[in-house]
Amino acid sequence: MVARLRSLMAVKWLTVYAVSYMLFLYLPVILLPLFAFNDATVVAFPLSGFTTKWFDVLWTTEALHGAVRNSAIVAISTAVLSTIFGACAARAGARYRFPFKSGIIGFIMLPLVLPEIIVAVALLVMLVQLGMSLSLWTVIAGHVLICTPFSIAILSSAFAGLDQSLEEASFDLGESKWGTFRRVTLPLVMPGVISSLLITFTISLDEFIIAFFLTGTDVTLPVYIWSQLRFPTKLPSVMALGTILLTLSILLLILAEWFRRRSARRQGRDAAAAGGFV
Amino acid sequence: MIRRLTKEDRQGLTLISPTLFYTLLMLAAPLVLVVTFSFWTQNYLDIDKTLTIANYHEAWTKPIYQVLISRSLRISLLVTLVTVLTAFPIAYYISFHVKQRKALWLFLITVPFWTSYLLRVFLWKVILGFNGVLNSVLMQVGLIDEPLTFILYNANAVVLTLAHAWAPFAILPIFVALEKIDRSLLEAAEDLGDGAFRRFRRITLPLAMPGIIAATLIVFIPTVGDFITPKLVGGTDGLMIANMIQIQFGKANNAPLGAALAISSMFIVALISLGIYLIGNRFGGKVK
């Protein structure tokens, strides 16, 4: 009885801890919209009133629009390219056995554990030595490298859950290789592909270190934000911009999660048991 | 031993080759080049391609680089310790006490990580600042009369901010390891008379060890290379080696020295990681 009571108490304390830890995790994120709508030029408490003027500032800032355009180009190209590379590797990993398999896949996943500054510096040295000028394309090249492992992680579970007999049935019924891929394989892994596109898009949109080293005169959004953080007067509108990005990221994530669960369901697996996308 | 490739071998290798070639081209080649580069010297805009260890000599003997590297390692190890220790109870809670909504909890933990890293770090500066959120709340409550100044622009602020930024990366691997534990082992221990603490120490902890090692390495390795957090909240006492690498590639215009610093710190990080991995392996993995 006493032991039971003690273990109940322990669970209660653990719950309290878990909830306060979540508050700690969300503390900075909650502050973002607070300051974005705050009617004061300094980013500090106490809050002084409600305003949307910091959002209005954003519509008239030309440099920002350029950065948004650049980031969109980079993030979309990165999402498409890294998902294609990711799909090749994930399919090969899930479907075939071949020599040095775990070594090759481990090597491709390496950017996940390397400090980004090392990747950025190494790419910079090579590009400069090759005499290439820095542009949005160099940023895309770097982003594809670090996003591909994430894509593989997402698509591996999609391809692993694929029932091979469905493809064989399609061959037996006279479909060509391409026809089988288009009409059987692709629809089954499509939710995973979309989830991968959304996640890699989000990562690229937010990535700073590689973009900072490899960007030329056209800056991406995080590099633009970095340049604005130096000016105290610009901060409230940066908060407004951050709020928009935050909302966008959360929407994309919910969408990605929804697609991932749909993919798991479609393949008849328990969505929760399939794990998150990380 | 050379054997003929089977049809399946060829299909698999063909399919993975685009990704493999891209990684070879964009990761392996640059890494090889950066190592070569670190043995060259730069004089303003001219690169002298004679091989020399001068950069390494400078990186390993000049006090400023020694201070920065040892500080980076100290901060990163502290961050890792704090992150893993605070993450473990959360992972434990979700794995053992959340019954229905595990996926939702995991989702909620990853959401803040997907928001702009730059802005999250900056918001910690807002929270910890002189007129910051923390100080104004504490003053309003009446706990302090003057704003605390020791909480921003030092190594502690860097530790706090990084521990926050890397929390999901520590929670998830530990959670995965805990999920894999066969629950009947715990019941068996209880039936055989182990108390809650003994059961935890003898079964849960050793079996969670692979997750703990993964979390430790996942947090430790990248944090050594971070330069945003030290720059925004670290002040001068919180600057780390990555800031110096960035300066060498930027303002100081001595990229070969920057490369030598990057490789030196990676080398030390690799050694420490190997040590952590070996020690962790000895203590975990099996029920004692």
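Bear in mind that the values here come from a model prediction, so they are computed numbers and not experimental data. (Residues numbered from 1 in each chain as written. Chains lettered and ligands numbered in written order. Predicted model: local features only at pLDDT ≥ 70, side-chain atom pairs only at ≥ 80, totals over all residues.)

*Asks:* Residue-level account of the overall build of chain A, with values.
*Replies:* A count of helical and extended segments in chain A gives 11 helices and 0 strands. Listed by position from the N terminus, the elements making up chain A come as α-α-α-α-α-α-α-α-α-α-α. Taken over the C-alpha atoms alone, chain A extends approximately 75 × 70 × 30 Å along its principal axes. Counting every position in chain A, which comprises 278 residues, the buried fraction comes to 43%. Residue pairs at least 24 apart in sequence account for 77% of intrachain contacts in chain A once pairs closer than 6 positions are excluded. (Helix = DSSP H or I, 4+ residues; strand = E, 2+ residues; numbered from the N terminus. Buried ≥ 20, exposed ≤ 12 C-beta atoms within 10 Å, placed from the backbone. Contact = placed C-beta atoms within 7 Å.)

*Asks:* Just give me the short version of the confidence of the model for chain A, but keep the residues and values in it.
*Replies:* Residue and element names in this part refer to chain A. Predicted confidence across chain A gives a mean pLDDT of 84, with 93% of residues reaching 70 or more. Within chain A, helix 3 (residues 62-95) carries the highest mean pLDDT (92), whereas helix 11 (residues 235-266) carries the lowest (82). Counting contacts from residues 271-278, a segment whose pLDDT is below 50, to residues more than four positions away or on other chains yields 20 contacts. (pLDDT = per-residue confidence, 0-100.)

*Asks:* An account of helix 7 (residues 155-165) of chain B is requested, with residue identities and associated values reported.
*Replies:* Extensive coverage of helix 7 of chain B is indicated by the burial of 10 of its 11 residues. Within the span of helix 7 of chain B, buried status applies to Ala155, Ala157, Val158, Val159, Leu160, Thr161, Leu162, Ala163, His164 and Ala165 of chain B.

*Asks:* Could you give me a rundown of the packing of helix 3 of chain A against helix 1 (residues 7-37) of chain B, with the residues and numbers involved?
*Replies:* As a packed pair, helix 3 of chain A and helix 1 of chain B sit with axes 8 Å apart at the nearest point and diverge in direction by 140°. As judged from the angle between their axes, helix 3 of chain A and helix 1 of chain B are oblique. For helix 3 of chain A against helix 1 of chain B, the interelement crossing comes out left-handed. Along the contact surface, helix 3 of chain A presents Phe85, Cys88, Ala89, Arg91 and Ala92 of chain A, while helix 1 of chain B presents Gly12, Leu15, Ile16, Pro18, Thr19 and Tyr22 of chain B. For the contact of helix 3 of chain A with helix 1 of chain B, the class distribution of residues is 8 nonpolar, 2 polar and 1 charged. (Axes fitted to C-alpha atoms, helices over the stretch in contact; angles between N-to-C directions. Parallel < 35°, antiparallel > 145°, perpendicular 65-115°, else oblique. Left-handed = near helix turned anticlockwise from the far one by under 90°. Nonpolar A, V, L, I, M, F, W, Y, C, P; charged D, E, K, R; others polar.)

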